[in-house]
Amino acid sequence: MQHENVFISLVIPVFKEEDVIMLTLNEATRVLETITQDYEIVAVDDGSTDKTFTRVMEAHQANHRIKGLRFSRNFGKEAAMLAGMARAKGQVVVTMDGDLQHPPGLITEMVEKWRKGAQIVHGVKQTRQYGGLFHRTSARIFYDLFSKIAGFKINNSSDFKLLDAQIASLLVRDFPEQQRFLRGLSCWVGYRQESVTFEVSERPVGESSWGLSTLFRYGWNSLTSYTSLPLQLVPFMGVIMLLISVVLGTETLVSRIRGESISGFATLEITILFSGSMIMIGLGIIGQYLARVYDELKKRPSFLVADEVGFEQSTRSE
Ligand code: UDP
Ligand code: MG
């Protein structure tokens, strides 16, 4: 990553955002121009099947500071942010959603904090107004659980962030892991971190592409990339089973010695079912970690670029 005359790089991951991308780009351009003339916007199309990339190319025609990458298929938002960061040339790199739920106006405040010495500025959601009660509650439970288990806070931290170029290139280059969870990593790295709060606005058009299963997978993946605590749960479950078997075993033995008839088919049935499910859960957890190891071992690229517009030379950093 070089810093040739670019002050701010704005990285926007977009997936099927043909209706809103122009609005976002216009609004972002307006804000960036109040800060500096030396900006660039890197829109990363995460394999959209609609006209998102066509819109980006149109935007590039009108303003050469807008650049675009298009993935060969959907690789996920994390990969899209990473690809944009890898190509960004600015002294500061800002990541922002492409659906205007992250107000571009906040970039001004983030840059102010950076000028005062902050190296990472987190955009923190003030209230999670949008989404149903279920969505809000599960998000809160996830963040609380994550902080407790992984040992560092990511509470309400969003993917709206400013990163000093040094840290952005560090995240791109020095973290060989496939699954990079930016929200977690940007807290984990340390350095001088600050935050600014913002209100999450409703999407102007379209809808969130995060279904329940995607969210669950995202949550589980991010948790397992930071902690092996679920693995420690397996022997813990074993100990519980052992305690139960000691109690039940003693009871049976005592009845036998006393010459009482041995009863307890219900207990037997429950014990078998319970131990069976514990074994399954334990194996499942181990299997999940094994799958993560397998994925990391393959060392496949986190994304593949199919098209690009606006970049000088194609230096593929990933
Ligand atoms: N996004 C992406 N790849 C995906 C899903 C989403 O690049 O597979 C982008 C999307 O276009 C948007 C941002 O990530 O700019 C946030 O997505 P979304 O609004 O669906 O999520 P939410 O706001 O509900 O967290
Ligand atoms: Mg959104």
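Everything that follows concerns the structure shown earlier in this document.
Worth saying up front: this structure is predicted, and the values here are computed from it rather than measured.

*Asks:* Give a description of the coordination of the magnesium ion (ligand 2) that names residues and reports values.
*Replies:* Here the magnesium ion (ligand 2) is held by the protein donor atoms Asp99 (OD) and Gln101 (OE1), which lie 1.9 to 2.0 Å from it. Each member of the pair, aspartate 99 together with glutamine 101, is buried.

*Asks:* Pulling in residues and values, what's your account of helix H1 (residues 21-35)?
*Replies:* Given a rise of 1.5 Å per residue, 15 residues ought to cover 21 Å, and the 21 Å separating the end C-alpha atoms of H1 matches this to within 8%. What H1 keeps buried is the set Ile21, Thr24, Leu25, Ala28, Thr29, Val31, Leu32 and Ile35. Looking at the packing, one finds that the buried side of H1 touches strand S1 (8-14), strand S2 (39-45), helix H2 (52-62), strand S3 (66-71) and helix H4 (106-115).

*Asks:* So what's going on with the pattern of salt bridges? Which residues, and what values?
*Replies:* The tally for this structure, following the rule as stated, stands at 13 salt bridges. Here glutamate 194 and lysine 113 are joined by a salt bridge, their closest N and O atoms 3.5 Å apart. Highlighted residues: glutamate 194 in strand S7 (residues 193-198) and lysine 113 in helix H4, separated in sequence by 81 residues. Look at glutamate 194 and you get partly exposed, because its relative accessible area is 35%.

*Asks:* Tell me about the packing of helix H9 (residues 229-257) against helix H10 (residues 265-298), and name the residues and values.
*Replies:* Relative to each other, H9 and H10 sit at 165°, their axes nearing to 9 Å. Taken together, the axes of H9 and H10 lie roughly antiparallel to each other. In this structure, the crossing between H9 and H10 has a hand that is left-handed. The segment H9 lies against H10, with Leu229, Pro230, Leu231, Leu233, Val234, Met237, Ile240, Met241, Ile244 and Leu248 engaging Thr267, Thr271, Phe274, Ser275, Met278, Ile281, Gly282, Ile285, Ile286 and Tyr289. Looking at the contact of H9 with H10 residue by residue, the class counts come to 16 nonpolar, four polar and no charged.

*Asks:* Tell me about the nonpolar core, and name the residues and values.
*Replies:* Within the largest apolar cluster, 34 residues are counted, with the highest numbers of intra-cluster contacts made by Leu10, Ile41 and Ile107. For this core, the elements supplying multiple residues, two or more each, are S1, H1, S2, H2, strand S4 (92-95), H4, strand S6 (157-164) and S7. Those residues within four positions of leucine 10 in sequence are excluded, and the remaining contacts are Ala28, Leu32, Glu40, Ile41, Val42, Val94, Met96 and Ile107. Formed by 25 residues, the second largest nonpolar core is a distinct cluster that contains Phe142, Ile167, Val172 and Val189.

*Asks:* Explain the side chain of asparagine 63 residue by residue, including any values.
*Replies:* If you trace the backbone, asparagine 63 turns up in the loop between H2 and S3. Of note is the side chain of asparagine 63, whose polar atom sits 2.9 Å from the backbone nitrogen of arginine 65.

*Asks:* Describe the sheet that holds S3, listing the residues and the values that go with them.
*Replies:* Taken in spatial order, the eight strands line up as S7-S5-S6-S4-S1-S2-S3-S8 in an open sheet, and their pairing is mixed. Where the open sheet ends on each side, the last strands, each with one partner, are S7 and strand S8 (305-309). Strand-to-strand twist in this sheet, taken as the mean axis angle between neighbours without regard to direction, amounts to 20°. Sheet analysis places strand S5 (residues 120-125) next to S6, joined by four bridges and oriented antiparallel.

*Asks:* Any details on the packing of aromatic side chains? Residues and values, ideally.
*Replies:* Scanning the entire structure with this criterion turns up four aromatic pairs. Plain terms: the ring middles of phenylalanine 71 and phenylalanine 75 are 5.6 Å apart, the flat faces sit at 85° to each other, and that makes the pair edge-to-face. Residues phenylalanine 71 and phenylalanine 75 agree in their burial class; the two are buried. A ring pair is formed by phenylalanine 71 and phenylalanine 303, whose centres lie 5.0 Å apart and whose planes are at 5°; its orientation type is stacked. In this pair, phenylalanine 71 is assigned in strand S3 and phenylalanine 303 in the loop between H10 and S8, connecting sequence segments 232 residues apart. Comparing phenylalanine 71 with phenylalanine 303 shows no difference in burial state: the two are buried. Among the aromatic residues, those joined into a cluster by ring pairs are Phe71, Phe75 and Phe303. Here the guanidinium or amino end of arginine 87 rests over the ring plane of phenylalanine 311, the centre of that ring lying 4.9 Å away.

Each value, and the rule that gives it
Every chain is numbered independently, its residues counted from 1 as its sequence is written. Each chain is given a letter, starting from A, and each ligand a number, starting from 1, according to the order in which they appear as written. Local features in a predicted model are, by the rule used here, given only for residues with pLDDT of at least 70; side-chain atom pairs are given and counted only at 80 or more, and totals for whole chains, interfaces and linings are based on all residues. In computing side-chain properties, one takes all heavy atoms of the structure into account and sets aside hydrogens as well as water. Excluding water, the donors of a metal are its N, O and S neighbours within 2.8 Å, or within 3.2 Å for Na, K and Ca, and that exclusion means sites may look incomplete. Relative accessible area decides the class of each residue, using a 1.4 Å probe on protein chains only: under 20% of the type maximum gives buried, over 50% gives exposed, and in between gives partly exposed. Strands are runs of DSSP state E lasting at least 2 residues, helices are runs of H or I lasting at least 4, and numbering of each runs from the N terminus. Each residue after the first adds 1.5 Å to the expected span of a helix. In this description, contact between two residues means that some pair of their heavy atoms is separated by no more than 4.5 Å. Salt-bridge detection follows one rule: a side-chain nitrogen of Lys or Arg within 4 Å of a carboxyl oxygen of Asp or Glu. Lines are fitted to the C-alpha atoms to define the axes, a helix being fitted only along its stretch in contact, and any angle between axes, read from their N-to-C directions, falls within 0 to 180 degrees. Each angle is binned into one of four classes, with values under 35 degrees roughly parallel, values over 145 roughly antiparallel, values of 65 to 115 roughly perpendicular, and all other values oblique. Two helices that cross are described as forming a left-handed crossing if the nearer one is turned anticlockwise from the farther one by less than a right angle, and a right-handed crossing if clockwise. Three categories are distinguished: nonpolar for Ala, Val, Leu, Ile, Met, Phe, Trp, Tyr, Cys and Pro, charged for Asp, Glu, Lys and Arg, and polar for the others, with Gly belonging to the last. Take the buried residues of types Ala, Val, Leu, Ile, Met, Phe, Trp, Tyr and Cys, join any two whose side-chain atoms come within 4.5 Å, and each joined set is a nonpolar core. In protein, a polar contact means a hydrogen-donor-capable atom and an acceptor-capable atom, both N or O and within 3.5 Å, with residues adjacent in sequence counting only if both atoms are side-chain atoms; elsewhere, any N or O pair within 3.5 Å suffices. One bridge is not enough; two strands pair if DSSP finds at least two bridges between them. Pairing of aromatic rings covers Phe, Tyr and the six-membered ring of Trp, with a centre-to-centre limit of 6.5 Å; geometry is then stacked below 30 degrees between planes, edge-to-face above 60, and tilted otherwise. Charge-over-ring placement is defined geometrically: NZ (Lys) or CZ (Arg) within 6 Å of the ring centre, and within 35 degrees of the ring normal.

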